[in-house]
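Here is how the chains run, residue by residue.
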Amino acid sequence: FGGGTFDVSILELDGGMFEVKATSGDTHLGGEDIDNILVTHCKDVFMKEKRKDISANARALRRLRNACEKAKRGLSSLDTKEVTVEVEALQYGADFSYKLTRPKFEGLCMDLFKKCFPPIEDALRIAKLDKKSINEIVIVGGSSRIPVVQKMLSDFFNGKELNKSINPDEAVAYGAA
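The paragraphs below set out a description of the structure included in this document. Given the structure is predicted, the values throughout are model-derived calculations rather than measurements. (Residues numbered from 1 in each chain as written. Predicted model: local features only at pLDDT ≥ 70, side-chain atom pairs only at ≥ 80, totals over all residues. Heavy atoms only, no water.)

1. Focus: the overall build of the protein chain
Counting its regular elements, the protein chain contains six helices and six strands. Taking the principal axes of the C-alpha coordinates as reference, the protein chain spans close to 60 × 30 × 25 Å. Taking all 177 residues of the protein chain together, 39% fall into the buried category. Counting only contacts in the protein chain whose residues sit at least 6 apart along the sequence, the fraction spanning at least 24 positions is 63%. One way to put it: in the protein chain the 27 positive side-chain charges average out to a point 6 Å from where the 27 negative ones average out. (Helix = DSSP H or I, 4+ residues; strand = E, 2+ residues; numbered from the N terminus. Buried < 20%, exposed > 50% of the residue type's maximum accessible area, 1.4 Å probe, protein only. Contact = heavy atoms within 4.5 Å. Lys, Arg positive; Asp, Glu negative; His and termini not counted. Charge placed at Lys NZ, Arg CZ, Asp CG, Glu CD.)

2. Digging into the layout of surface pockets
Approximately 1,400 Å³ is the volume attributed to the largest pocket. As for the largest pocket, its lining consists of 41 residues, of which Ser9, Ile10, Ile137, Val138 and Ile139 are closest to the centre. The set of elements that each furnish at least two residues to the lining of the largest pocket consists of strand S1 (6–14), helix H4 (117–127), strand S5 (137–138), helix H5 (147–156) and helix H6 (168–176). In terms of residue count, S1 provides more of the lining of the largest pocket than any other element does, eight residues in total. (1 Å grid on protein atoms, 1.4 Å probe; cavity = no way out; pocket = protein on both sides within 12 Å on 5 of 7 lines; lining within 4 Å. Points joined across faces, edges and corners; volume = space filled by probe spheres on them.)

3. With respect to the pattern of salt bridges
According to the stated counting rule, one finds six salt bridges in the structure shown. With a shortest N-O distance of 3.6 Å, Lys21 and Glu12 are connected by a salt bridge. A relative accessible area of 33% places Lys21 in the partly exposed class. Overlapping salt bridges bring together Glu12, Glu19 and Lys21 as one network. (Salt bridge = Lys/Arg side-chain N within 4 Å of Asp/Glu carboxyl O.)

4. Let's talk about H5
With eight of its ten residues buried, H5 lies for the most part within the structure. Among the residues of H5, those classed as buried are Pro147, Val148, Val149, Gln150, Met152, Leu153, Ser154 and Phe156. For H5, the secondary structure elements touched by its buried residues are helix H2 (58–75), helix H3 (102–114), H4, S5 and strand S6 (162–163).

5. Topic: the pairing of strand S3 (residues 82–91)
Along any regular strand, the residues point their side chains to alternate faces of the sheet. In the sheet, S3 pairs with strand S4 (residues 94–101) via seven bridges, with the strands oriented antiparallel. Directly across from Gln91, in S4, lies its bridge partner Ala94. Taking the residues that link successive antiparallel strands as the turn, the S3-S4 hairpin has two residues, and the phi of Tyr92 there is positive, at about 50°. (Pairing = 2+ DSSP bridges.)

6. Structural notes on unusual backbone geometry
Located in the positive-phi region is Tyr92, a residue other than glycine, with phi close to 50°. Structurally, the position occupied by Tyr92 is in the loop between S3 and S4. Of note, the phi angle at Asn158 is positive, near 55°, even though the residue is not glycine.

7. Regarding helix H1 (residues 31–50)
Each full turn of the α-helix corresponds to 3.6 residues, which orients residues three or four apart in the same direction. Compared with an ideal rise of 1.5 Å per residue, which puts 20 residues at 28 Å, H1 spans 28 Å between its outermost C-alpha atoms and is within 8% of the ideal. Those residues of H1 not exposed but buried are Gly31, Ile34, Asp35, Leu38, Val39, His41, Cys42, Val45 and Phe46. Against the buried residues of H1 lie H2, S3, S4 and H3. Arg51 occupies a position one or two residues after H1 and carries a positive phi of about 60°. (Expected span 1.5 Å × (residues − 1).)

Right, dumping it as structure tokens:
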């Protein structure tokens, strides 16, 4: 679950060799989509509080996007329950400060998180396997760090523990290379 895509691969490992049994994914599902949801929400909050619309201000939107991405990364840590999305002088000297809690973040993005499961089901169908046939689930990509995504994935596979031993950013970089 990376910045721009969600990809699923089912591999069969046999003595150091692997065979790709199935692949699936959504090329329009990733961390950037989470950022878009947060930017829209924060833009609406700013409009409601300050009566200032930043929709046409590319610089303000870019600054808000950076703050939202930082908030997403913060809430991707199990230790963090709340972050502040903060942008000084967002527009016409008006500051923006908004406390974003984990439950609010999860609520805003839940529809997006649920979109992860049809590609998984599709890959299982292509591989002609059921959930019980999967021995190990290895997660990679920055958005795979989001606790609720991990819980939903573990629950989907009947409580199976996820393998988080691979550095998600490094794996994505190797895959892209």
